Amino acid sequence: MQERGRVQLLEPVRQARMTWMITLVLLMSALSISCSTVRQTPVQQTPVQQTPVEHDSLSGIGGRTVSEEQRRADMETVRERVREELLDVSVTIVRTEHLMNTLREDGTWPGINYEDLSRTGFEHTEHLGNMVELARAYKIPSSPVYLDPELKRVIWRALDFWVNHNFISDNWWYNEIGTPQSIGNLLLIMDEDLKESQIAGAAPIMGRATLDAQGARPGGDLIQIAGIMGRYALFLKDLVMLEEAVSAIAGEIGFAADRGDPSDRRGLQTDFSFHH
């Protein structure tokens with residue numbers, strides 16, 4: 001009875017549907033977006049037969065069916081809110097000009113060891129951070145270099161260098177989380193100001209943050225990787241990919257014992273502790 005009572009506590013959460021769950025992707029990706037502002041379909045006031053509903057990520061809250069048009073509209077709303085979050089920073093023009101002026105013709109910055117791919121090295125994260133920082137300076141309307149053509153060329157040069165080399169670290173975390181997260185943010189920020197070759201070049205990088213990745217395991221980094229995958233889906237406007245990421249996150253809202261695998265009890269325990 002006690003076990004059943006604990007399980008019942010999670011039932012209202014498990015029954016949440018697509019519109020609410022899209023926002024959950026963002027919350028799990030450290031993006032603070034309020035669930036209450038996500039659009040919902042008005043509830044019909046006519047009596048309905050109380051029959052079991054097959055729950056999946058394509059349904060509306062409370063079992064209501066949501067059209068593809070409505071889901072795509074919700075996706076676009078969330079997409080814009082994510083971009084707003086990414087651009088909600090201050091631009092330091094001195095720092096921006098320094099990064100612009102120090103980028104070499106080959107797309108590298110001095111002071112970064114691009115040869116060391118070791119687990120304890122991989123200074124390449126500084127290159128990734130510089131690109132995201134410049135992209136924000138380019139896209140924030142109040143920035144002194146907003147939509148500056150020279151700045152865009154600098155960003156392109158740095159990004160072209162990265163996608164042409166597609167650096168793989170000896171540390172799996174950078175390959176499946178760190179790098180895809182930064183590149184994903186860069187894609188969403190630059191958006192229509194990217195070249196087709198850059199979008200294509202970023203695809204294999206983002207493809208390492210999938211539900212089949214080594215780190216995407218229950219009780220591990222599945223939610224974080226699914227969040228990266230969900231934001232990439234927002235960039236691509238890929239509703240199927242987004243709903244797959246959402247479903248993966250929703251599936252983690254439950255007890256590890258409910259998965260039915262006695263050999264794998266990682267995740268939320270029935271006493272509400274967490275085993276990693």
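Look a little higher up for the structure.
Residues numbered from 1 in each chain as written. Predicted model: local features only at pLDDT ≥ 70, side-chain atom pairs only at ≥ 80, totals over all residues. Heavy atoms only, no water.

Caption draft 1: Seen up close, the overall build of the protein chain. A count of helical and extended segments in the protein chain gives 11 helices and 2 strands. Tracing the protein chain from N to C terminus, the helices and strands come up as α-α-α-α-α-α-α-α-α-α-α-β-β. Each of the 276 residues in the protein chain was classed as buried or not, and the buried ones make up 45%. For the protein chain, contacts bridging at least 24 residues in sequence account for 67% of all contacts bridging at least 6. For the protein chain, the accessible area works out to roughly 14,200 Å², and carbon and sulfur atoms hold 51% of it. (Helix = DSSP H or I, 4+ residues; strand = E, 2+ residues; numbered from the N terminus. Buried < 20%, exposed > 50% of the residue type's maximum accessible area, 1.4 Å probe, protein only. Contact = heavy atoms within 4.5 Å. Areas by Shrake-Rupley, 256 points an atom, 1.4 Å probe, with all protein chains shown as cover.)

Caption draft 2: Local environment of the nonpolar core. Of all hydrophobic cores here, the largest spans 57 residues; its most connected members are W109, M131, L134, L151, W162, I183 and L187. When residues of this core are traced back to their parent elements, those giving at least two are α4 (68-86), α5 (93-102), α6 (124-139), α7 (149-165), α8 (172-190), α9 (196-206), α10 (222-236) and α11 (239-251). Not counting residues within four places of it along the chain, the set of residues in contact with L134 comprises T96, L99, M100, W109, L151, V154 and I155. (Core = buried A, V, L, I, M, F, W, Y, C linked by side-chain atoms within 4.5 Å.)

Caption draft 3: Inspection of the side chain of Q198 at higher detail. Mapped onto the secondary structure, Q198 falls in helix α9. According to the relative accessible area criterion, Q198 is buried, its value standing at 0%. Excluding residues within four positions of it along the chain, Q198 makes contact with W156, L159, D160 and V163.

Caption draft 4: Highlighting α8. The end-to-end C-alpha separation of α8 is 26 Å, in line with the 27 Å expected for 19 residues at 1.5 Å each. Taken as a whole, α8 carries its principal kink of about 35° at P180. Taken across its 19 residues, α8 has 15 buried, putting it largely inside the fold. At the N-terminal end of α8, a side-chain oxygen is found 3.0 Å from the backbone nitrogen of W173, two or three residues along, and the residue is N171. (Expected span 1.5 Å × (residues − 1). Bend = angle between axes of the 7 residues up to and from the residue. Polar contact = N/O pair within 3.5 Å; in protein donor to acceptor, adjacent residues only side chain to side chain.)

Caption draft 5: Fine view of the packing of α8 against α9. Where α8 contacts α9, the two axes come as close as 9 Å, and the packing angle between them is 150°. Judged on the interaxial angle alone, α9 and α8 are roughly antiparallel. The interaxial crossing formed by α8 with α9 has left-handed handedness. When α8 is examined against α9, the residues T179, P180, I183, G184 and L187 are found in contact with a partner set consisting of A202, I205 and M206. Looking at the contact of α8 with α9 residue by residue, the classes come out as 6 nonpolar, 2 polar and no charged. (Axes fitted to C-alpha atoms, helices over the stretch in contact; angles between N-to-C directions. Parallel < 35°, antiparallel > 145°, perpendicular 65-115°, else oblique. Left-handed = near helix turned anticlockwise from the far one by under 90°. Nonpolar A, V, L, I, M, F, W, Y, C, P; charged D, E, K, R; others polar.)

Caption draft 6: Here's a closer look at the environment of W172. Mapped onto the elements of the fold, W172 is located in helix α8. For W172 and R119, which are 53 residues apart along the polypeptide, the C-alpha to C-alpha distance reads 8.4 Å. Sequence-distant contacts of W172, that is, excluding residues within four places in its chain, are made with I177, Q214, G215 and D221.

Caption draft 7: Here's a closer look at unusual backbone geometry. Even without being a glycine, L147 presents a positive backbone phi close to 55°. Within the secondary structure layout, L147 lies in the loop between α6 and α7. When its relative accessible area of 38% is taken as the criterion, L147 is described as partly exposed. A positive phi angle, close to 60°, is found at K237, a residue other than glycine. Note that K237 resides in the loop between α10 and α11.

Caption draft 8: Highlighting the packing of aromatic side chains. Tallying each qualifying case throughout the model produces 7 aromatic pairs. Ring plane angle 35° and centroid distance 6.2 Å describe the contact between Y114 and F167, whose orientation is recorded as tilted. Here Y114, found in the loop between α5 and α6, pairs with F167, found in the loop between α7 and α8; they are 53 residues apart in sequence, far enough to count as distant. Taken together, a centroid distance of 5.7 Å and an interplanar angle of 45° make the contact between F161 and F167 tilted. For the residue pair F161 and F167, the accessibility class agrees, reading buried in each case. (Phe/Tyr/Trp six-rings, centres within 6.5 Å; stacked < 30°, edge-to-face > 60°.)

Caption draft 9: Local environment of α10. Compared with an ideal rise of 1.5 Å per residue, which puts 15 residues at 21 Å, α10 spans 21 Å between its outermost C-alpha atoms and is within 8% of the ideal. The element α10 is extensively covered by neighbouring structure, given that 12 of its 15 residues are classed as buried. Inspection of α10 places L222, I225, A226, G227, I228, M229, G230, R231, Y232, A233, L234 and F235 among the buried residues, and these make up the whole buried set.

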